[in-house]
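# Per-entry structural report
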Amino acid sequence: MRDRGNGLRPLAAFSGTLAQRTYAALKEAILDLTLKPGEIIRKGEVCSALGVSRSPVSEALARLAAEALVDVVPQAGTFVARLSMEEVREGAFLREALELHAVEAVASAVTDEQVTLLRRSLAVQEALAGAEDMGAFYDEDARMHEMILGMTGHRRLPGLSRTAWVHVDRARRLMLPTPGRMAETVEEHRAIIEAIAARDPAAAREATRRHLGQLLKRLEALAMERPDLFS
């Protein structure tokens, strides 16, 4: 449950050291846009909300600055970084390179059990889209993509993809409230999963390429519509 005043979940929801949990709480709030691009982050308020001293907060903010998720401006304060289309394009490029190769490999060697898992995820997405549960839909969307990467047998791929995708993640959350977008995403995912189920690597690659390409086009349009959110 999030704190009503600042949107940060309590540290008990995370694992690791005090500094790691503080970092996780802040990063989650930035990625899900609870903390908006350009919003100031006041250390004292974070300390009060999470019940920690300034030291773990400072350490967490230093990590987030290194990831370009916050901007530290001398004499002004620490701010949630505005979205960067340069970072988004780079992340999309890296993610596409990983996923296109991954989906080809999976389609070439997928098992019936894996197809069942992917179709189950699609059914969950359909239900969540119908219920207009954007947060849960986003989580299941991400889980499906990571499931495909994991099915390659290369255990580091999901983590590499998450790192590459971090700036795209924030931007794409702005699009989920767009009417019909969740339903469109479900259909794009269906094309990928059915191509995998058909053991057709070329079709799986093309369906994935279209899916990821549509996202970048929409984010380019969003940057034009909401320049206040982008640097």
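### Some words on the side chain of Glu99
Structurally, Glu99 can be placed in helix H4 (residues 85–109). Of the residues examined, Glu99 reaches a relative accessible area of 4% and is grouped as buried. Of the polar contacts made by the side chain of Glu99, one reaches the side chain of Arg95; its length is 2.3 Å. With sequence-adjacent residues up to four places away left out, Glu99 is seen in contact with His145, Leu149, Thr208 and Leu212.

### Topic: the packing of helix H1 (residues 18–31) against helix H7 (residues 157–173)
The description of two helices packed together rests on the angle between their axes and the distance between the axes. Running from amino to carboxyl end, H1 crosses H7 at an angle of 50 degrees, the nearest separation of the two axes being 9 Å. Our classification of the angle between H1 and H7 gives oblique. Mapping the contact onto sequence places Lys27, Ile30 and Leu31 in H1 and Val166, Asp169, Arg170 and Arg173 in H7. Within the contact of H1 with H7, the residues separate by chemical class into 3 nonpolar, no polar and 4 charged.

### Regarding the sheet that holds strand S1 (residues 40–41)
Each strand in a sheet pairs with another by means of backbone hydrogen bonds, the pair being arranged parallel or else antiparallel. Sheet architecture is open: 3 strands sit in the order S1-S3-S2, paired in antiparallel fashion. For this open sheet the edge positions go to S1 and strand S2 (70–73), each flanked by a neighbour on one side alone. Here helix H3 (residues 54–66) sits on the sheet and contacts S1, S2 and strand S3 (77–80); the angle it forms with S2, its principal contact strand, is near 110 degrees.

### Comments concerning the pairing of S3
By the alternation rule, side chains of S3 split into Thr78 and Val80, which are all buried, and Gly77 and Phe79, of which none is buried. Two elements, S1 and S3, share 2 bridges in a ladder whose sense is antiparallel. Note that in S3 the partner of Ile41 across the bridge is Thr78. Here S2 runs beside S3; their pairing, made up of 4 bridges, is antiparallel. Counted as the bridge partner of Val70 is Val80 from S3. From the end of S2 to the start of S3, which pair antiparallel, there are 3 residues, and Gln75 there has a positive phi angle of about 70 degrees.

### Description of the confidence of the model for the chain
Should pLDDT be low for a region, the predicted coordinates there are not to be read in detail. For the chain, mean pLDDT is 90; residues scoring 70 or higher make up 97% of the total. No element of the chain has a lower mean pLDDT than H7, at 84, and none a higher one than helix H5 (residues 112–131), at 97. In the model, residues 1–5 has pLDDT below 50 throughout and makes 9 contacts with residues more than four positions away in sequence or in other chains.

### Here we look at the layout of surface pockets
Looking at the largest pocket, its volume works out to about 540 Å³. Residue lining of the largest pocket: 25 residues in total, with Tyr138, Ala142, Arg162, Trp165 and Asp169 positioned closest to the centre. Secondary structure elements with two or more residues in the lining of the largest pocket: H1, helix H6 (134–150), H7, helix H8 (181–197) and helix H9 (201–225). No other element matches H7, which puts 9 residues into the lining of the largest pocket. A breakdown of the residues in the lining of the largest pocket according to their chemical character gives 9 nonpolar, 6 polar and 10 charged.

Rules used throughout
- Residues numbered from 1 in each chain as written.
- Predicted model: local features only at pLDDT ≥ 70, side-chain atom pairs only at ≥ 80, totals over all residues.
- Heavy atoms only, no water.
- Helix = DSSP H or I, 4+ residues; strand = E, 2+ residues; numbered from the N terminus.
- Buried < 20%, exposed > 50% of the residue type's maximum accessible area, 1.4 Å probe, protein only.
- Polar contact = N/O pair within 3.5 Å; in protein donor to acceptor, adjacent residues only side chain to side chain.
- Contact = heavy atoms within 4.5 Å.
- Axes fitted to C-alpha atoms, helices over the stretch in contact; angles between N-to-C directions.
- Parallel < 35°, antiparallel > 145°, perpendicular 65-115°, else oblique.
- Nonpolar A, V, L, I, M, F, W, Y, C, P; charged D, E, K, R; others polar.
- Pairing = 2+ DSSP bridges.
- pLDDT = per-residue confidence, 0-100.
- 1 Å grid on protein atoms, 1.4 Å probe; cavity = no way out; pocket = protein on both sides within 12 Å on 5 of 7 lines; lining within 4 Å.
- Points joined across faces, edges and corners; volume = space filled by probe spheres on them.

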